[in-house]
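Observations on chain architecture
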Amino acid sequence: MTDNQSFIHQDKPISSKADDFLGRNYFSENLAKSILSWKHKESWVVALTGKWGSGKTSIKNLVIQHINDKNKDMIILDFSPWEWSSQDLITQAFFDELEKKLIIKNRKIALDFVDYKNFTLKKSNVRNLKFLDLKKLKKIKNLPLNIIKIILLSLHNISTVLYEPIIKLLPVFGTGILISPIIDDSLKKHFLYVFLSLFILGSISNIYQYFYAKTNSLRDNKNNLSKSLINIKHPILIIFDDLDRLNKSQLESLMQLIKSNLDFNNLIFFLLYSKEVVEKKLTDSSQKGVDYLQKIIQYEVATPVIESFELRQVIVNNFDMFMNTLNIKNKKDIANPEDFQRIINGVLNYLIDMRAIYRFFNSYRFNLASLINNNHLEVNAIDFMALETIRLFEPELFESIKSNGSFLTGQPYFERTGRIAESNEVKEEIDSFKERNISLKNATLLEYMFPILTDYSDRTALKNLKISSAEKFDNYFIYSTSKTKISSYDTELIKNNLTSDTNSVTIIDNYFSSTKRTSLLAQIYMLAKEFNNIEKSNLVVALSHLFQKTNNTLSISSERQNLLVLVENIIGSIDNVDIKITTFDNLNHADIHPYVIIFLINSLEKYKYGLSDVQISEIIQSTLNKIEYYIRVDYDKFITDEYSKSMYLFFQKHNPKYAKAFFTVQLNDERTFKKTLSIFIGDFGPFESESIDASSLFKIIKEAEFKKLLDKSLIRNPNDELLNNVSHLYSKRRFS
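Residues numbered from 1 in each chain as written. Predicted model: local features only at pLDDT ≥ 70, side-chain atom pairs only at ≥ 80, totals over all residues. Heavy atoms only, no water.

This part is about the packing of aromatic side chains. In the structure shown here, the tally under the stated rule is 30 aromatic pairs. Their ring planes at 35° and their centres at 6.1 Å tell us that Y607 and Y609 sit as a pair that is tilted. The class for Y607 is partly exposed, based on a relative accessible area of 48%. Here the aromatic rings of Y635 and F662 are separated by 5.8 Å at their centres, their planes lie at 70°, and the arrangement is edge-to-face. Taken together, the residues span a long stretch of sequence, with Y635 in helix α29 (residues 635-640) and F662 in helix α31 (residues 656-668) at a distance of 27 residues. Of the two residues, Y635 and F662, neither departs from the other in class, the shared state being buried. Site record: aromatic cluster; members linked through ring pairs are F319, F322, F340, F360, F361, Y364, F384 and Y476. Over the ring of F547 we find R560; its NZ or CZ atom is 4.7 Å from the centre of that ring. (Phe/Tyr/Trp six-rings, centres within 6.5 Å; stacked < 30°, edge-to-face > 60°. Buried < 20%, exposed > 50% of the residue type's maximum accessible area, 1.4 Å probe, protein only. Helix = DSSP H or I, 4+ residues; strand = E, 2+ residues; numbered from the N terminus. Lys NZ or Arg CZ within 6 Å of the ring centre and 35° of its normal.)

See the structure below:
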C-alpha cells in the first residue's frame, strides 16, 4: 500500500490505478484492450460477473481510466439503473443520459438519436431547438412558412421547459395565491397573466405537434440512427452497473431495452452483475435465467478471485496503519505480533472480500477508539479484533460468549454455581459449549480468546488486558469507557501510587470518594493480582483506612463486610512472611479502626498464612496495645463505638486478666457503671433477641454486686431507658 492510500473509511469502489492494492489493474487493462480492439460494426454485449463485494465496480472504473488514457474520443456512458425507481424511469433516464453524451461528441448522431428516443418513449417526435440544423432550411422553397415553423418550434421548446413543470404546481399553489388576503391584488393579476401565457404557449405547442410532427415509423428512425452509427470511428461504450440490485420487473425491462438496441452498429454494452442473483431473478415458469442471459450476453468474464494472501496483506496494512494513529500510552500491552499471527487466518474466514474488510475496519476503528480512557486502551487490540469479527459475522455466537463470561474466563465452578462440581462436570460443561458454538470457521478465534476451551487446567493469570481475564472480560462489551468503572488508566495510576504509604492512602481515598467507589471494591482484588508484595501491603493499609467510610448494614454483603473480606484476601495473597508482618505492624500504627485488625487476626489464627505462633502472638499483642490505648485515651468514645463489644471480647480472649481488672473498676464505679453496662446489652443468643451477655458480664462482676449497682442507679435515674431495659431483661432472666 502506498503512502497516499488512506485508511479505509467507506465501502466505496476505487476510482484510479493508484488505489489498486489487490492487483486488479492488470486484469482491467486487458479488459480495456479487448473493448478498444473491437473492430466489428455490429454491437457487442460483454458481462463482468462476480459476487457482491468482489470488486466489479472498481474494475469498471479502472477499465474506463485505461480507455480514456488510450482513446479520449470514445463515447462512454456509465449508467447505474438501480438509481431509478421504475422501469419507465430507467428507460427515460438512460435515453436522457445518452443524449447528453451524444450532444457533446457527435451532433449528427444526436439528431437521429433524439428522433429515435422520442418515438421509443412514445412522445412528441420533435427535435429540440438546440439540434435545429439551419442549413436544411436553404433546401426548403417556402421560406416564410418555415419561418413560422421555426417560431412554432421555439415556442414549443419554451413550453416544454416551462409549461409542463409549472402547470403541475398550479393546483397546489395557484389557489392559495388567488384567495390569500395577504397578497396584493396587482400581484394576483400578474400571476394570472403568467398562467394565461403558459396556457397559450402550451396550446401553441400542441397545435405545432398536430401540424408539424413527423410521421416516421420506428423502422425509419432506427435506420437513420444506424446509418449515423456505422460511420463513427470508435464504438460507443454503454455500461450498466449493479444490475443485481434491480427488482425482477426492472431487470426484465432493462434486458428488453438492450435486446431492442442490439441491431444498432458500433454499440458495446458492458453489463456488471452477480450472476447468481440475476439468473435467479430472470427465472420463471417459462424460462431459466441462465438461458435468457445466454441469448443476450456474447462474452462473459468473471472478476478475478482475490487470493487470501492479498486480503491478508490488506488487513495487516490497515491494522498497522490504525495502530499507528492511536495516541495511547499502553501500546506494548495491547498488540502482540505473535497473537496477531495466531488469529489472522481465523479472521480471513470471515473477511473474504473487500466489502467485508470495509465493514469490519469501520466498526473496529469506531468501537476500539471508544474504549480509550486517558490515553489508555481498556482492551487488548488483538483480542478485540477476534471478538469484533465474531460480533459482526456471527451475532448469535457473540451473545453466547457475552452470557458465558464467568465460565469462559475460567472462574472456579463453585464460585459460578455455588456448589462443588461432580466428577467430569467441568469437562462436560466445556464440551457442551464447544458442541453448541464451535465450528471449523470460528474455532481459531474462539480457542485463541479462551484457552479454557483447550486446556481447562491452565488457570494462569492472563495479563495484557486479555478477554480471558475475568477482571477484563466486561470491558469488551461496553464499547464506551464507563465513568463508574475502574479503567486500565486508573489501574496504572493506582499502581504507581502504591509505592508509599501516604500516596496509597490518598489515591485509594480519592477513588473511593468518586463515582468509581463500587467498581473499586469490586475490581481491586483482581487488579491486585498484578501488584507486587510491597504494593499489596500498601494497598491493604489504604483500603483499611476506608473502613469507617463504608456503608454498614446487617447484610453479610454490605459494603463494609465486602471491604473486610477484600483486605483479608489481599493480605493473604502476600507471599512474603516479613512483608506480611510489616503489614500488620503498619495497620496497628496507623489511624485505622482496631476492628479491622481484629477481623484479620481471626483469619490469621485460623489459616496462619505461613506465620509462626510466636509471630502471630506478637501481632496480637500489638493489637491489644492499640485497643488499650483507645480505651484509656477516650473511654466515652470506646463505649459508644459499635464495635466495643468485639474489642472487649478480643481483649477478654487474649488478655483476660487485664480485661477483668479494667472493666471491674469501670462497673463498680457509679460514674461509669451505666456506660460500661451497654457493652453487655444487645442482640445475642440463637434468635438474636435482646438480652444480657451474662457469661461475659458475670466474669467481671458478681451477680449480687451487679444487682446492687443496678438498683442504686435506678434510684438516682428512675426514668433512664437503658437502666430500665436492663432491669427488665434481668428480671425476665433474659441471659445469653
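Relative to each other, helix α24 (residues 533-544) and helix α26 (residues 577-589) sit at 25°, their axes nearing to 10 Å. Considered as vectors, α24 and α26 are oriented roughly parallel to each other. The handedness of the crossing between α24 and α26 comes out as right-handed. Between α24, through N533, I534, S537, V540, V541 and S544, and α26, the contact on the second element is made entirely by I579, T583, N586 and L587. For the contact of α24 with α26, a count of residues per class yields five nonpolar, five polar and no charged. (Axes fitted to C-alpha atoms, helices over the stretch in contact; angles between N-to-C directions. Parallel < 35°, antiparallel > 145°, perpendicular 65-115°, else oblique. Left-handed = near helix turned anticlockwise from the far one by under 90°. Contact = heavy atoms within 4.5 Å. Nonpolar A, V, L, I, M, F, W, Y, C, P; charged D, E, K, R; others polar.)

Let's shift gears to the nonpolar core. Inside soluble globular proteins, nonpolar side chains tend to come together where they are buried. Of all hydrophobic cores here, the largest spans 79 residues; its most connected members are I508, L539, L543, F584, F638, F663 and F706. The element best represented in this core is helix α27 (residues 594-607), accounting for eight residues. Beyond its immediate stretch of four places on either side in the chain, F584 contacts I571, I597, L600, I601, L604 and I619. Counting residues in hydrophobic clusters, the runner-up holds 58 residues, among them M323, L377, F398 and L465. (Core = buried A, V, L, I, M, F, W, Y, C linked by side-chain atoms within 4.5 Å.)

Within the open sheet, the five strands sit side by side as β2-β3-β4-β1-β5. Their pairing is parallel. Both outer strands of the open sheet, β2 (76-79) and β5 (299-302), are each paired with one neighbouring strand and no more. Within this sheet the neighbouring strands show an average axis-to-axis angle of 15°, counted without direction. The pairing of strand β1 (residues 44-49) with strand β4 (residues 267-273) spans six bridges and is classified as parallel. Note that in β4 the partner of A47 across the bridge is L271. (Pairing = 2+ DSSP bridges.)

This part takes up the confidence of the model for the protein chain. Across the protein chain, pLDDT averages 79, with 76% of residues at or above 70. Scored below 50 in pLDDT, residues 123-141 shows 44 contacts in the model against residues more than four places distant or in partner chains. Low pLDDT, under 50, characterises residues 458-462; the stretch is placed with five contacts to residues that sit more than four places away or in other chains. (pLDDT = per-residue confidence, 0-100.)

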